[in-house]
Amino acid sequence: MFAAERRQLILEMVRANGAVSLRELARVVQTSEVTVRRDVRALEAEGLLDRRHGGAVLPGGFTRESGFPQKSHLSTAEKTAIADLAASLVGEGEAIVVGAGTTTQELARRLARVPGLTVVTNSLLVAQALAHANRVEVVMTGGTLRGSNYALVGSGAEQSLQGLRVSRAFLSGSGLTAERGLSTSNMLSASVDRALVQAAAEVVVLADHTKLGADTMFQTVPTELITRLVTDEPPLHDERAAAELQALADQGVEVTVAGPDAETGEAPPGDRRPRRDMPLPGQRRTTTGRAGGLGPQLRSASSLSDQTSSSGDRARVADLRRR
C-alpha cells in the first residue's frame, strides 16, 4: 500500500471512530506502528487530525468525546485483559461502585460470578451486564440519561449517592496523567464520577495504554485520590507511557499491568496473562527492609500470588508501590 493510500485509510478510520489507537491503525493498514506514527504526523501537519498519546483523534479532540459505538471497537483485547485483572480485586460480599464506560462494562460481565456482591452504578450498560446475576444486587442511581454513553448524570444521580459508603470505586475516563489524574471530556460525566469517588474508600482506575499521558477537559479524580491503576502493557517503543506509569507510581498509585505470559513473554492466542517485569525509565528510589533495595517496580501476578497467606487474603496482582 502506497503512503497516500495508507493515510487516506487512516483518515477514514479516525473520521468514522473519532479516535483510533496506533496499534489498531497498524493492524488495519498492515504496517508497523513506526510507519503509522509517521503517517499520523504528516496528517496532523495538514490539519486533518490531531495526535494523542498512543493514537489519533479528529481535530479538536481535546474537547470531543466519542460515543459508545466508536469506543466499543477500540482496544478490545486490552480492555478484556484489564477487566480480568480488575475483577480479581473484588471479593465475595463486597459493596462497590462502578462508573460508566466500555472498560467498566467488561468488568461488570466478570463480576456476575462474585456471590453476595452489591454494585452501585450510574451505567445502564453495567446494570445490563449484571441483570441476570442472581447473586449480585444492583443499585442504580437516579438522574438524566446521557445517550452517548448510556449513563445517568445530573443532580439526580449525584444526590442519590449522598451518604453512600462502599469499599471501592471502579472508574474509567478519557485520559490519565500523573499531573492531573483521571479526566473526561464531558462536564456532567465528570461531576457524577467525582460523586462516585466520594462514596468509596479506595479508587481503582481502569485505563488502557492509549489513555496514559492524554489530558482532557474536566478532571475527574486527582492523582492523590487514585489508589490503583489497572492498565495493559504499553508497546515497547512507547517510552512516554512507561514514564507516565513511573510518575504515577512515584505519587503512590499502585499500578497493575496485564500483558504477555510471564515465562515466555508471549501471549498465547486468546489468552491474556499478567506480564513479566517491565523496566521503567528514570532513577528508582532505594527501599529499606526489602531484598534488592529497589523502589517502585512492576512485579508479576504469579509471584505475588505465591506470597498470599492461607487465611483467605486474595492474591494480589503486579504492582508498583511507592515506599
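This section reports on the structure supplied with the text. (Residues numbered from 1 in each chain as written. Predicted model: local features only at pLDDT ≥ 70, side-chain atom pairs only at ≥ 80, totals over all residues. Heavy atoms only, no water.)

1. Digging into the overall build of the protein
Helices and strands together make up the secondary structure of the protein, namely eleven helices and 16 strands. A fraction of 63% describes how many contacts in the protein between residues 6 or more apart in sequence connect residues 24 or more apart. Counting every atom, the protein has about 14600 Å² of accessible surface; 48% of that belongs to carbon and sulfur. (Helix = DSSP H or I, 4+ residues; strand = E, 2+ residues; numbered from the N terminus. Contact = heavy atoms within 4.5 Å. Areas by Shrake-Rupley, 256 points an atom, 1.4 Å probe, with all protein chains shown as cover.)

2. Description of the nonpolar core
If you look at the biggest cluster of nonpolar residues, it comprises 26 residues, and the most contacted ones within it are Leu 171, Leu 176, Val 205, Leu 212, Val 221, Leu 229 and Leu 248. Going through the elements one at a time, β9 (166–171), α9 (187–198), β12 (200–206), α10 (239–250) and β15 (254–259) are the ones with two or more residues in this core. Each residue touching Val 221, except ones within four places of it in the same chain, is listed here: Leu 171, Arg 180, Gly 181, Leu 182, Val 197, Val 203 and Ile 226. (Core = buried A, V, L, I, M, F, W, Y, C linked by side-chain atoms within 4.5 Å. Buried < 20%, exposed > 50% of the residue type's maximum accessible area, 1.4 Å probe, protein only.)

3. Side note on helix α3 (residues 33–45)
End to end, α3 covers 18 Å across 13 residues, agreeing with the expected 18 Å (1.5 Å per residue, within 8%). Restricting attention to buried positions, one finds in α3 the residues Glu 33, Thr 35, Val 36, Arg 37, Asp 39, Val 40, Ala 42 and Leu 43. Once α3 finishes, Gly 47 follows within two positions and takes phi at roughly 75°, a positive value. (Expected span 1.5 Å × (residues − 1).)

4. So, the sheet that holds strand β10 (residues 175–177)
Overall, antiparallel pairing links the three strands, which are arranged β10-β11-β13 in an open sheet. Only two strands of the sheet have a single partner each, and these edge strands are β10 and β13 (218–221). Mean inter-strand twist for the sheet, computed between neighbouring axes without regard to direction, equals 35°. Here three bridges tie β10 to strand β11 (residues 181–184), and the two strands are oriented antiparallel to one another. Each residue of the ladder has a partner; that of Thr 177, found in β11, is Gly 181. (Pairing = 2+ DSSP bridges. Axes fitted to C-alpha atoms, helices over the stretch in contact; angles between N-to-C directions.)

5. A word on the pairing of strand β4 (residues 95–98)
Regular strands place side chains that alternate from one sheet face to the opposite one. As defined by bridge partners, β4 adjoins strand β5 (residues 117–121) across four bridges and the pair is classed as parallel. Looking at β5, one finds that Ile 96 is bridged to Val 119. Taken together, β4, helix α6 (residues 102–111) and β5 constitute a β-α-β crossover, and its handedness is right-handed. (Right-handed = clockwise from strand over helix to strand, strands pointing away.)

6. Some remarks on the pattern of salt bridges
Applying the stated criterion across every chain, the model contains 13 salt bridges. A salt bridge links Asp 39 to Arg 6, with the nearest nitrogen and oxygen atoms 2.7 Å apart. Residue Asp 39 is located in helix α3, and its partner Arg 6 is located in helix α1 (residues 3–17); the two are separated by 33 residues in the primary sequence. Just as Asp 39 is buried, Arg 6 falls in that class too. The partner of Arg 228 in a salt bridge is Glu 254, and the shortest N-O contact between them spans 2.9 Å. Within this pair, whereas Arg 228 is found in strand β14 (residues 228–232), its partner Glu 254 is found in strand β15, the two being separated by 26 residues in sequence. Ionic contacts of the salt-bridge type, sharing partners, join the residues Asp 84, Glu 106, Arg 109 and Arg 110 into one network. (Salt bridge = Lys/Arg side-chain N within 4 Å of Asp/Glu carboxyl O.)

7. With respect to the packing of helix α5 (residues 76–87) against α6
Axis separation between α5 and α6 bottoms out at 8 Å; the angle between their running directions is 50°. Considered as vectors, α5 and α6 are oriented oblique to each other. Crossing of α5 over α6 shows right-handed handedness. Residues Lys 79, Thr 80, Ile 82, Ala 83, Asp 84, Ala 86 and Ala 87 of α5 lie in contact with α6, whose contacting residues are Thr 102, Thr 103, Glu 106, Leu 107, Arg 110 and Leu 111. (Parallel < 35°, antiparallel > 145°, perpendicular 65-115°, else oblique. Left-handed = near helix turned anticlockwise from the far one by under 90°.)

8. Side note on the packing of helix α2 (residues 22–29) against α3
Packing of α2 against α3 brings their axes to within 9 Å, and their N-to-C directions diverge by 105°. Between α2 and α3, the angle is such that the two are roughly perpendicular. Counting all contacts with α2, which are made through Leu 22, Arg 23, Leu 25, Ala 26 and Val 29, the residues of α3 involved are Glu 33, Val 36, Arg 37 and Val 40. Here the contact of α2 with α3 is built from residues that sort into six nonpolar, no polar and three charged. (Nonpolar A, V, L, I, M, F, W, Y, C, P; charged D, E, K, R; others polar.)

9. Observations concerning the environment of Gly 163
Within the fold, Gly 163 resides in the loop between α8 (155–160) and β9. A relative accessible area of 86% means that Gly 163 is categorised as exposed. When the C-alpha atoms of Gly 163 and Ala 199 are compared, they prove to be 7.5 Å apart, with 36 residues separating the residues in sequence.

10. Concerning the sheet that holds strand β2 (residues 50–52)
Judged by pairing direction, the sheet is antiparallel, and its three strands sit side by side in the order β1-β3-β2 without closing on themselves. Of all strands in the sheet, those bounded by a partner on one side alone are β1 (19–21) and β2. Adjacent strand axes in the sheet meet at a mean angle of 25°, parallel and antiparallel pairs treated alike. Most of the contacts of α2 go to β1, to which it runs at about 80°, and overall it touches β1 and β3 (55–57).

11. Topic: the side chain of Arg 168
Along the chain, Arg 168 falls in strand β9. In this structure the side chain of Arg 168 is engaged in a polar contact, spanning 3.2 Å, whose partner is the backbone oxygen of Leu 89. Among the polar contacts listed, one links the side chain of Arg 168 to the side chain of Glu 202, at a separation of 3.4 Å. (Polar contact = N/O pair within 3.5 Å; in protein donor to acceptor, adjacent residues only side chain to side chain.)

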